[in-house]
Amino acid sequence: MDLLDFSDCKLYFEDALPAEAERLIAQAASEYGEPAAELSLLRAHMHAPENLSVLVGIYRYYFYQHRLEDALVVAERAMQLSGRHLGLPTDWNQLDETRLGSAAANSFGLLRFYLLALKAASVVLLRLGRIAASRARLIKLASLDSRDQLGAAKLLEVVDEFQQQTDEPELTLAVA
């Protein structure tokens, strides 16, 4: 399955957004950096609690504000919502090629969103120092993306290389 082929699928941001939620997102963008921006995003979420565009806005806000625990909650909520619409199991560990195939037949664009939300959660976990939890997600993604179109395998390589470097004892130069 070509995870980079968008030619024949609907993308998450093409879903209709209530006018008030759209206005609040625009307001949050103009307020960025101010505490009012978060309030505008949360109010938009109240108007459209299952709209993925709103969740992406909230995720980005928290991520770039370095509120990583909050960003993780939003990434997991995005996975929960998109996974429910795709008929995926609630536990990402249970994903396999058969389930992905069924989900792709349902909505390829939404499946790609789900997989990218899983990768986003992995990145946040890395930033939080929860390496094992992040690696588990990256390993799952890499196993499902044999051509590494989402970059999970490459990211996993970097994580593993970094871990090897930090696990090795420091080399010292013996002076005679």
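Quick caveat: nothing in here was measured; it's all calculated off a predicted structure. (Residues numbered from 1 in each chain as written. Predicted model: local features only at pLDDT ≥ 70, side-chain atom pairs only at ≥ 80, totals over all residues. Heavy atoms only, no water.)

**Some details on the nonpolar core**
No. 1: Counting residues in each nonpolar core, the largest one holds 48 residues, and the members touching the most others are Tyr-59 and Tyr-114.
No. 2: Within the residue set of this core, elements represented by two or more residues are helix H1 (19–30), helix H2 (35–47), helix H3 (52–64), helix H4 (68–86), helix H5 (97–106), helix H6 (108–127), helix H7 (131–144) and helix H8 (152–167).
No. 3: Looking at which element gives the most residues to this core, the answer is H6, with 11 residues.
No. 4: Among all residues touching Tyr-59, those that are not within four sequence positions of it are Ala-71, Val-74, Ala-75, Ala-120 and Val-124. (Core = buried A, V, L, I, M, F, W, Y, C linked by side-chain atoms within 4.5 Å. Buried < 20%, exposed > 50% of the residue type's maximum accessible area, 1.4 Å probe, protein only. Helix = DSSP H or I, 4+ residues; strand = E, 2+ residues; numbered from the N terminus. Contact = heavy atoms within 4.5 Å.)

**So, unusual backbone geometry**
No. 1: The backbone of His-66 shows a phi angle near 65 degrees, a positive value even though the residue is not glycine.
No. 2: Take His-66: it is sitting in the loop between H3 and H4.
No. 3: Of note in this structure, Asp-148 is not a glycine but carries a positive phi near 50 degrees.
No. 4: With respect to the helices and strands, Asp-148 occurs in the loop between H7 and H8.
No. 5: A relative accessible area of 23% places Asp-148 in the partly exposed class.

Purely geometric numbers; function is a separate question.
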